[in-house]
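Results of the structural survey
So you can see what is in the structure, the chains are spelled out below.
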Amino acid sequence: MNVRKIALTVMASMICGLTITAGAMAAAWDMPTPYPDKTFHTQNIAVFAEDVAKATDGKLTIKIHSAGSLYKHPEIKNAVRGGQVPLGEFFLSLLSNENQVYGADSQPFLATNYDEAKRLWDAQQPIVTKLLDKEGLMPLFSVPWPPQGLYTKKEINTVDDLKGIKFRAYNATLELFANKIGAAPTQIEVPDIPQAFATGRVEAMITSPSTGANSKAWDFVTHYTDIQAWLPKNIVVVNKKAFRKLDKDTQAAVLTAAKAAEARGWEMSKKETAEKTAILKDNGIIVVTPSPELMAGLKKIGASMLEDWKKQAGPEGAELLKVYQAQ
Ligand code: PCA
């Protein structure tokens, strides 16, 4: 090989190398979520994915796998942690078995409207960020569900009316609440709600007007009692190693889109509350303002649960409540 040929070969392999590097920098991310496509959270993350693709000229694309189709809900956080997927969405308070701070937004009657939910998130966010950081995770955004109400097959006027009812739960706190009410809880994921009612595994639930309407609750219950018990949140987290592999511009695009998704998600959630409650009504569900007796009974249980939560949540929980209550 003459010198010229060698030089050409070297140049060709360099160009080839460059192309491979540029190619490798385009990433396609899989994103699992437990919730179905028509959920407003899922619609919100679909816009987030579009925003990222647009801002990066397709250098980073995010494919959403909804309704627990890629990973089941309880596995999503660990799938992101282990790097099987770079990011994912799940119900924040599912992590309360790791640290009670994660479960603050599911404590009955601690924060019951959007202003309080926002203040609670402001107090929770720095602690949640620190805890997730230790696991190599970074929160991107968090969005609340509308206030949680009570779905039943009969009128409920007091806590006693709930005794013995088979109750659908979605986390440990709701399971505890159901037990304290005297109901019998079973954990059921959102996509399985209609089937669980149809087969008689459950006969009542506490969830948002969104999940009630999307599950066609009128097929299996008659009453919706608007107890506005808490506003639990979803969170979207990214694996920090995967995030660091992105170039700086792409990282910035993800963070900008995440910020927009959080703001948009909170607005979507607020709009959902009235819209989906109207859909429940239009489909024949009796929407009830709770009796003072029922609210007093439920709040009493909530207050005792908060006392227990404080004991388990330690100094981080105390700090959270201090910041929340000082605002
Ligand atoms: N829907 C989800 C979480 C809270 C809500 O409103 C569910 O029912 O599991």
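Check the entry above for the structure.
Residues numbered from 1 in each chain as written. Predicted model: local features only at pLDDT ≥ 70, side-chain atom pairs only at ≥ 80, totals over all residues. Heavy atoms only, no water.

The secondary structure content of the protein chain amounts to 10 helices and 11 strands. Counting only C-alpha atoms, the protein chain reaches 95 × 45 × 30 Å along its principal axes. Considering the protein chain as a whole, with its 327 residues, one finds that 50% of them fall into the buried category. As presented, the protein chain carries roughly 15,000 Å² of accessible surface, and 56% of it is formed by carbon and sulfur atoms. (Helix = DSSP H or I, 4+ residues; strand = E, 2+ residues; numbered from the N terminus. Buried < 20%, exposed > 50% of the residue type's maximum accessible area, 1.4 Å probe, protein only. Areas by Shrake-Rupley, 256 points an atom, 1.4 Å probe, with all protein chains shown as cover.)

What the six strands build is an open sheet, ordered 7-6-8-5-9-11; its pairing is mixed. Looking at the sheet topology across the chains shown, the edges are occupied by strand 7 (184-187) and strand 11 (286-288). On average, adjacent strands in this sheet sit at an angle of 25° to one another, irrespective of strand direction. One ladder, built from three bridges, connects strand 5 (residues 149-152) with strand 8 (residues 204-207); its direction is antiparallel. Counterpart to leucine 150 in the pairing with strand 8 is isoleucine 206. (Pairing = 2+ DSSP bridges. Axes fitted to C-alpha atoms, helices over the stretch in contact; angles between N-to-C directions.)

The next point concerns helix 2 (residues 40-55). The first and last C-alpha atoms of helix 2 sit 22 Å apart over 16 residues, in line with the 22 Å expected at 1.5 Å per residue. Buried residues of helix 2: Phe40, His41, Thr42, Asn44, Ile45, Phe48, Ala49 and Val52, and no others. Just past helix 2, the residue aspartate 57 takes up positive phi, approximately 55°. (Expected span 1.5 Å × (residues − 1).)

With respect to topology, three strands assemble into an open sheet ordered 3-10-4, the strand pairing being antiparallel. Looking at strand neighbours, the two that pair on one side only are strand 3 (87-91) and strand 4 (137-144), the edges of this open sheet. Going from strand to strand, the sheet's axes swing by 25° on average, the running direction of each strand aside. Bridge count between strand 3 and strand 10 (residues 233-239): five bridges; the pairing is antiparallel. Residue glutamate 89 lies in a different strand from strand 10, and its bridge partner there is valine 236.

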